[in-house]
Amino acid sequence: MPSATHPSSGSAAAPHLRVRYKNPAERIVVTGLGLTAPNGNTPAEFRANLLATKPNIQRITTRYMGEVLAGVCNYDALKYQKRKEVRNGTRAGSIAIYCAREALADAGLDLAKMNPARAGVYIGITEHGNVETENEIFNISQFNYDTKYWTHHHNPRTVANNPAGEVTINLGITGPHYTIGAACAAGNAGLIQAAQMLRLGEVDVAIAGGVSESIHTFGIFAAFKAQGALAHHEDPNKASRPFDRDRNGIVISEGGALYIVERLSDALARGARIICEIAGYNMNSDATDAVLPNPDRQAECMFAAIARSGLEPADIGLISTHATATHQGDAQECAALRRVFANCPDTYFNNTKSFIGHAMGAAGALELAGNLGTFTDGLIHPTINLDNLDPACELPNLVSGQTRPVSGVRAILNNSFGMLGINSAVVVTSYQGT
Amino acid sequence: MAVAVTTPDEVKKIVLAIIADIAPDEDLSNVKPEVRLRDQLELDSMDFLDIVMELRKKYGIEVPEADYPKLASLDSCAEYLLPKFGK
């Protein structure tokens, strides 16, 4: 099925969008967004800093390891929480609450006027519980490991549903909540779960995406370092270098992005502002290795997501890549991308981790959020820190260094891949009114 | 513990300082010592466990579960805890 072509360069193909689900009750749209990233605490601030090529990575001191590089968020936790709630809860819960409240406000939804039993919370996480457990073991180490000093807060803080549960308590939501453990694919997984639950009629409003508090552990830093995968650079903002010949690993970050997701029919009925449509998605597994990715399965995942959206690869104007700046991971992903997007002259690629590091459970959700502006502002933010492209990471139309004007992007593919060979791809399209 | 705690008022100050950490949003300036703390402040059972834990960590004082009701008000805290500070 041919896609439309444009005579001038710098514009993506404007496809005839063949929507798979014709019934508006089955079509899924995003109507609100709330986020915190190391370089932005609102979608507008985040987008502006991406377009202006402003990263924000810092040096932090972590237990036992001294100085490490990390993406740190500085959202105002007291905007939606009392001090006691911040003290008793977790950082991931706090990030989730901030993002959820911001997203609901952005969507123009007032929970007081909604049926709280018809809202659901689906949050992707890479891990949860490491921060609290490390803290408590350090705590009792100060008392000769006497476990009577172990906190009664430990269990509610460490159960894996904690970040989603804290959202329900803060917002008074009585519908379902849980987190989805999907490694670095978790942000996409949250969105996918929302789409599925809405189609099943389980809820009417889904708060979905991903969060991460991982910079507050030392174990994750130590483990990546042991794998030779922890980035180092004398300039923290230059440390995250996807596709660069001199990349040397991951910058770990915290953050969150939560979306308000609804069925199109409900969004139209209440006159909601529609940010985009979740047109297609897929998840699959490498079934190969605990750590090393498999480009064949990654390509399959992308092909399937695109097909389920009713599109062709050439219809995708922008791919928000996963690339974490590991040697093998970046190269494998590019091999998969070259296969999927062969002969796609109007398809562009970029990478948000070059700005914000790897936000773990929040990564996919934040990276997609940082690219949604392309639908309206006609700009594609670059991947930065790409001084010397690794030939293994060659991609046609890789937007590097500076923001590029590209009009007519109607579909974005967001990749996220994680350990144990978990792969996810989400295709979002600009909603055109039909 | 460097400083000896010898008066009920000193005990009450210590308990209020602990509560200030546990319930940082509360205004503690008008807490009535004879009234149950739960009737004046938003404190739940997890918060009382926090008080017990801080007494253990900071002052080496153990409060068995059967004695939790003795922490109900500042006055009862002072009466119950003062002898324990002496040990």
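Predicted model, so just to flag it, every value in this text is computed and none were measured. (Residues numbered from 1 in each chain as written. Chains lettered and ligands numbered in written order. Predicted model: local features only at pLDDT ≥ 70, side-chain atom pairs only at ≥ 80, totals over all residues.)

**Topic: the overall build of chain A**
Selection criterion: Secondary structure elements follow DSSP: runs of H or I no shorter than four residues count as helices, runs of E no shorter than two count as strands, and numbering proceeds from the N terminus. Only C-alpha atoms enter the radius of gyration; for comparison, a globular chain is expected to reach 2.2 Å times N to the power 0.38, where N is the number of residues. Exposure criterion: with C-beta atoms placed from backbone coordinates, a residue whose C-beta has 20 or more other C-beta atoms within 10 Å is buried, one with 12 or fewer is exposed, and one in between is partly exposed. By the convention adopted here, residues make contact when the C-beta atoms placed from their backbones lie within 7 Å.
Along its length, chain A carries 14 helices and 15 strands. Here the C-alpha atoms of chain A give a radius of gyration of 21 Å, agreeing with the 22 Å that 2.2 N^0.38 yields for 434 residues. The principal-axis extents of the C-alpha atoms in chain A amount to approximately 70 × 55 × 40 Å. Looking at chain A as a whole, 57% of its 434 residues are labelled buried. Taking as baseline every contact in chain A between residues at least 6 positions apart, the subset at least 24 positions apart corresponds to 80%.

**Focus: the overall build of chain B**
When helices and strands are tallied, chain B shows 4 helices and 0 strands. Order of helices (α) and strands (β) in chain B, N terminus to C terminus: α-α-α-α. Against the globule reference of 12 Å for 87 residues, chain B gives a C-alpha radius of gyration of 12 Å, in line with a compact fold. Dimensions along the principal axes, computed over C-alpha positions, put chain B at roughly 30 × 25 × 20 Å. In chain B, which comprises 87 residues, the share counted as buried stands at 21%. Counted over contacts in chain B with a minimum sequence separation of 6, partners at least 24 positions apart contribute 53%.

**Points about the interface of chain A and chain B**
By convention, interface size is frequently given as the accessible area that disappears when the constituent parts associate. So the rule is basically this: Each residue receives one of three labels: charged for Asp, Glu, Lys and Arg, nonpolar for Ala, Val, Leu, Ile, Met, Phe, Trp, Tyr, Cys and Pro, and polar for the others, Gly being one of them.
Contacts between chain A and chain B engage 8 residues on the former and 8 residues on the latter. Of the residues belonging to the side of chain A that touches chain B, the class tally is 1 nonpolar, 3 polar and 4 charged.

**Some points on the sheet that holds strand β7 (residues 252–253) of chain A**
Residue and element names in this part refer to chain A. We apply this condition: In this description, strands pair whenever DSSP reports at least two bridges between them.
One open sheet holds the 3 strands; their spatial order is β2-β3-β7, and the pairing between them is mixed. Whereas interior strands pair on both sides, the edge strands pair on one side only; in this sheet they are β2 (58–62) and β7. Inspection of the sheet shows strand β3 (residues 66–71) paired to β7 by 2 bridges, in the parallel sense. Each residue of the ladder has a partner; that of Gly71, found in β7, is Ser253.

**Quick notes on the packing of helix α7 (residues 186–199) of chain A against helix α13 (residues 363–371) of chain A**
Residue and element names in this part refer to chain A. Rules: Helix axes are fitted to C-alpha atoms over the stretch in contact, other axes to C-alpha atoms as well, and angles between N-to-C directions run from 0 to 180 degrees. Angle categories are assigned with fixed cut-offs, so that under 35 degrees is roughly parallel, over 145 is roughly antiparallel, 65 to 115 is roughly perpendicular, and the rest are oblique.
Packing of α7 against α13 leaves a shortest axis separation of 4 Å and a crossing angle of 80°. Viewed along their axes, α7 and α13 adopt a mutual orientation that is roughly perpendicular. Contacts from Ala186, Gly187, Asn188, Gly190 and Leu191 in α7 reach Ala363, Gly364, Ala365 and Leu366 in α13. For the contact of α7 with α13, a count of residues per class yields 5 nonpolar, 4 polar and no charged.

**Let's talk about helix α4 (residues 74–85) of chain B**
In an α-helix, one full turn covers 3.6 residues, which means residues spaced three or four apart are oriented alike. Residues and elements named next belong to chain B. The condition is simple: Here, expected helix span is obtained from the residue count minus one, scaled by 1.5 Å. The arc in question is traced by the directions running from the helix axis to the C-beta atoms.
With 12 residues, α4 extends 15 Å between its outermost C-alpha atoms, agreeing within 8% with the 16 Å of an ideal straight helix rising 1.5 Å per residue. Those residues of α4 not exposed but buried are Leu74, Cys77, Ala78, Leu81 and Phe85. Projected down its long axis, α4 shows its buried positions confined to an angular sector of 100°, all on one face. Tucked inside the fold, the buried residues of α4 contact α1 (8–22), α2 (37–40) and α3 (45–59).

**Here we look at the packing of helix α10 (residues 295–308) of chain A against helix α11 (residues 327–340) of chain A**
All names here are of chain A. Condition: Crossing handedness is read from the near helix: turned anticlockwise from the far helix by less than a right angle, it gives a left-handed crossing, and turned clockwise, a right-handed one.
Closest axis-to-axis distance for the α10/α11 pair is 8 Å, and the angle between their directions is 45°. If you check the angle between α10 and α11, you find them oblique. In the crossing of α10 with α11, the sense of the turn from one axis to the other is right-handed. Touching Pro295, Gln298, Ala299, Met302 and Phe303 of α10 are Gln332, Glu333, Ala335, Ala336, Arg339 and Val340, all from α11.

**Remarks on α7(A)**
Residues and elements named next belong to chain A. For α7, built from 14 residues, the straight-helix expectation of 20 Å at 1.5 Å per residue is met to within 8% by its first-to-last C-alpha distance of 20 Å. A large share of α7 lies buried, amounting to 11 of its 14 residues. Within the sequence span of α7, burial applies to Ala186, Gly187, Asn188, Ala189, Gly190, Leu191, Ile192, Gln193, Ala194, Ala195 and Leu198. Gly201, located one to two residues past α7, shows a positive phi value of around 80°.

**Focus: the sheet that holds strand β4 (residues 119–125) of chain A**
Residues and elements named next belong to chain A. The strand order across the open sheet built from 10 strands is β5-β4-β6-β8-β1-β9-β15-β14-β10-β11, with neighbouring strands paired in mixed fashion. A single partner strand is all that each edge strand has here, and the edge strands are β5 (177–181) and β11 (348–350). Across the sheet, the mean angle from the axis of one strand to that of its neighbour is 25°, orientation sign disregarded. Direction of pairing for β4 relative to strand β6 (residues 205–212): parallel, over a ladder of 6 bridges. What sits directly across from Gly120, in β6, is Ala206.

**Considerations on the environment of A:Ile95**
Residue and element names in this part refer to chain A. Here Ile95 shows up in helix α3 (residues 91–107). Look at Ile95 and you get buried, because 30 C-beta atoms sit within 10 Å. Through-space distance from the C-alpha of Ile95 to that of Glu166 is 9.9 Å; in sequence the pair is 71 residues apart. Every residue in contact with Ile95, bar those within four places of it in the chain, is listed here: Thr36, Cys73, Val211, Glu213, Glu254, Gly255 and Gly256.

**Re the nonpolar core**
The condition is simple: Each nonpolar core comprises buried Ala, Val, Leu, Ile, Met, Phe, Trp, Tyr and Cys residues, the members being joined through C-beta atoms within 7 Å.
Of all hydrophobic cores here, the largest spans 127 residues; its most connected members are A:Ala96, A:Val261 and A:Val427. Element by element, the count of residues in this core is highest for α3(A), at 10 residues. In contact with A:Val427, not counting residues within four places along its chain, are A:Ala279, A:Gly280, A:Tyr281, A:Ala305, A:Ile306, A:Ser309, A:Leu311, A:Ala411 and A:Leu413. Core analysis: the next-biggest nonpolar cluster, separate from the first, contains 16 residues, B:Val15, B:Ile51, B:Cys77 and B:Leu81 among them.

**Observations concerning the environment of A:Ser214**
All names here are of chain A. Relative to the helices and strands, Ser214 is located in the loop between β6 and α8 (219–226). Among the residues examined, Ser214 registers 27 C-beta atoms within 10 Å and is labelled buried. For the pair Ser214 and Ala359, spaced 145 residues apart in sequence, the C-alpha to C-alpha distance is 8.1 Å. When residues no more than four places from it in sequence are discounted, the contact partners of Ser214 are Thr126, Glu127, Ile220, Ile252, Glu254 and Met360.

**Notes on the pairing of strand β14 (residues 411–418) of chain A**
Residue and element names in this part refer to chain A. With 8 of 8 residues buried, β14 lies mostly within the body of the structure. In β14, alternate side chains face the same way, and those of Ala411, Leu413, Asn415 and Phe417 on one face and Ile412, Asn414, Ser416 and Gly418 on the other are all buried. Across 3 bridges, strand β10 (residues 318–320) lies against β14 in parallel orientation. Paired with Ser320 across the strands is Asn414, a residue of β14.

**Focus on the confidence of the model for chain B**
Operational definition: A residue's pLDDT is the predictor's confidence in that residue, given on a scale from 0 to 100.
Looking at chain B as a whole, the pLDDT averages 94, with 97% of positions reaching at least 70. As scored by the predictor, the complex reaches a pTM of 0.95 and an ipTM of 0.94.

**Some remarks on the environment of A:Arg63**
All names here are of chain A. Tracing the backbone through its elements, the reader meets Arg63 in the loop between β2 and β3. Residue class for Arg63 comes out partly exposed when judged on the 14 C-beta atoms lying within 10 Å of it. With 12 residues separating them along the chain, Arg63 and Leu51 place their C-alpha atoms 35 Å apart.

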